[in-house]
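Each chain is listed here by its residues.
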Amino acid sequence: MNIHVDGARSRDDAERLILASINEFIDIRRDLHQYPELSFHEKRTARIIAKYLLSYGYEVMEGVGGYGVVATLRRGSGHRRIGIRADIDALPIEETTGLSYSSRNPDVMHACGHDGHTTILLAAARYLAEHGRFSGTLTLIFQPAEEVGAGARKMIEDRLFERFPVDAVFGLHNWPGVATGQFGFVEGPAMASVDQALIRIIGKGGHGASPHETVDPVLASASFITALQSIVARNVDPLEMAVLTVGSIHGGSASNVIPESVELKLTARAYSPAVRDKLEARVPALARAQAESFGAEAEVNYRRGFPPVINHVEETRLARRVAEENFPSEQIAGSFRPRTASEDFAYMLQERPGSYLFVGNGDSAPLHSPLYNFNDEIIAPAARYWARLAETFLS
């Protein structure tokens with residue numbers, strides 16, 4: 001494989017040393033890709049991560065919040081402490097890439113690039129153990145169960161930051177459609193919260209030829225779906241972001257029968273905690289009001305998911321400065337917009353200051369696609385970035 005090498009400004013020892021062993025890390029990434037594991041089942045993945053970290057000389061703790069792995073390396077007399085996190089789980093998707101290293105586990109796939117995130121941090125871990133110039137404590141967090149939004153919370157509940165204290169914590173995600181190896185930084189909200197609602201509109205079923213003798217939940221549901229966007233248009237500040245998506249609607253099974261009920265599933269996303277609260281209040285209220293206007297009833301089960309990823313300003317500016325000082329300008333996005341997807345690293349940022357950044361995966365299939373593949377060309381620059389961030393923070 002031909003690995004892109006940056007311009008003269010970025011050709012330093014870290015790049016040279018990481019590139020010298022890049023084929024080893026590509027093999028690690030592809031091995032992880034072939035044997036993906038779902039959330040809370042990352043036993044093999046965790047074992048492999050721990051094996052490599054121990055061989056690099058780290059103190060390693062397994063079983064943190066499930067199959068989480070935490071590695072610590074102390075050097076010098078410095079008191080500063082940095083945490084860097086990578087997610088390790090896969091998705092319940094049948095891979096269709098046709099690659100020679102496609103998933104061997106049926107209906108399970110690394111369709112979000114967590115195999116790549118893990119490999120990037122392992123490559124950085126090796127460089128920092130062998131050549132890192134820092135004084136302080138480096139803590140590497142390999143988190144399970146991101147895809148179900150529970151892994152970060154489980155690790156925190158397992159006293160992650162009490163057992164492994166950090167002054168700041170950082171994470172990254174690859175992003176398709178962004179130039180290969182280009183870094184993106186966002187101050188403040190970087191990814192959206194995501195909540196879910198299960199709504200059941202209950203009417204009175206009957207013959208389609210006699211609608212006057214029924215209370216039609218299909219009609220009430222259609223009215224609710226149409227009215228739903230009025231929340232975004234009229235209840236949310238136009239300068240704020242909100243997304244309401246009905247992704248599932250089921251009711252009835254025959255064209256001439258009005259069903260007793262209709263079930264809808266929707267997601268609500270926002271950057272602002274205040275807007276998130278507004279959506280949680282307005283969606284159930286609107287569902288009940290729309291149903292009542294047709295003589296029907298609405299049962300609403302509104303469940304909170306991930307909070308928004310809100311990057312801390314000081315740490316994000318530091319993260320960007322590290323990129324500016326170590327990479328050519330074309331590898332740093334001039335302006336990078338927040339993403340409306342969600343990420344449970346948000347819970348870590350609620351506990352400690354830090355930042356979540358992005359690195360371009362090039363012209364690949366989108367995340368969560370059965371055709372997606374992590375771009376191995378970004379392992380080296382992203383690993384070098386983590387190395388330089390750690391050395392700068394712990395200088």
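Residues numbered from 1 in each chain as written. Predicted model: local features only at pLDDT ≥ 70, side-chain atom pairs only at ≥ 80, totals over all residues. Heavy atoms only, no water.

If you check an unreviewed UniProt entry, the protein appears there as Amidohydrolase from Aliirhizobium smilacinae.

Novice: Explanation requested: the packing of aromatic side chains in the structure shown.
Specialist: Note on aromatic pairs: each is described by the distance of the centres and the angle between the planes. Taken as a whole and judged by the stated rule, the model has 10 aromatic pairs. The interplanar angle of 50° and the centroid separation of 6.2 Å between the aromatic rings of F185 and Y385 together place this pair among those described as tilted. With F185 in the loop between β6 (183-184) and β7 (188-191) and Y385 in helix α11 (residues 379-393), this pair connects stretches of sequence that are 200 residues apart. The exposure classification of F185 matches that of Y385, with both residues buried. (Phe/Tyr/Trp six-rings, centres within 6.5 Å; stacked < 30°, edge-to-face > 60°. Helix = DSSP H or I, 4+ residues; strand = E, 2+ residues; numbered from the N terminus. Buried < 20%, exposed > 50% of the residue type's maximum accessible area, 1.4 Å probe, protein only.)

Novice: I keep staring at the sheet that holds strand β5 (residues 168-175) and nothing clicks. Help me out?
Specialist: Remark on secondary structure: sheet strands pair via backbone hydrogen bonds, oriented parallel or antiparallel. The mixed open sheet is built from seven strands, whose spatial order is β1-β2-β4-β3-β5-β15-β6. Sheet topology places β1 (59-64) and β6 at the edges, where each strand pairs with a single neighbour. Its contacts with the sheet place helix α3 (residues 43-56) against β1, β2 (68-75) and β4 (136-143), and it is angled at close to 165° to β1. Relative to the sheet, α11 contacts β3 (81-87), β4, β5, β6 and β15 (354-360), its axis offset from that of β5 by approximately 165°. (Pairing = 2+ DSSP bridges. Contact = heavy atoms within 4.5 Å. Axes fitted to C-alpha atoms, helices over the stretch in contact; angles between N-to-C directions.)

Novice: Please explain the pairing of strand β8 (residues 193-202) as it appears in this structure.
Specialist: It is a general feature of regular strands that their side chains alternate between the two faces of the sheet. One ladder, built from 10 bridges, connects β8 with strand β12 (residues 261-270); its direction is antiparallel. Bridge pairing links D195 to A268 in β12.

Novice: Looking at this structure, I do not really get the side chain of R276. What am I missing?
Specialist: Considering the arrangement of structural elements, one finds R276 in helix α8 (residues 273-293). Classification of R276 by relative accessible area gives buried; the value is 8%. For R276, the side chain forms a polar contact with the side chain of D195, separated by 2.7 Å. (Polar contact = N/O pair within 3.5 Å; in protein donor to acceptor, adjacent residues only side chain to side chain.)

Novice: Whenever I open this one, unusual backbone geometry confuses me. Can you help?
Specialist: Most peptide bonds take the trans configuration, and most residues that are not glycine carry a negative phi. The backbone of A145 shows a phi angle near 55°, a positive value even though the residue is not glycine. Considering the arrangement of structural elements, one finds A145 in the loop between β4 and α5 (151-157). Judged by relative accessible area, which is 0%, A145 ranks as buried. Residues other than glycine seldom take positive phi values, yet H368 does so here, at roughly 70°. Within the secondary structure, H368 is located in the loop between β15 and α11.

Novice: Looking at this structure, I do not really get the UniProt feature "binding site: Mn(2+) 2" (unreviewed entry) in the protein. What am I missing?
Specialist: This chain's UniProt record puts "binding site: Mn(2+) 2" (unreviewed entry) on C112, H114, E147 and H368. What stands out for the annotated residues spanning 257 residues is how close their C-alpha atoms remain, the widest pair being 11.2 Å apart. Filtering the just-named annotated residues for those lining the largest pocket gives C112, E147 and H368. Assignment of secondary structure puts C112 in the loop between β3 and α4 (114-131). (UniProt positions renumbered as here; feature names shortened; annotations may be inferred. 1 Å grid on protein atoms, 1.4 Å probe; cavity = no way out; pocket = protein on both sides within 12 Å on 5 of 7 lines; lining within 4 Å.)

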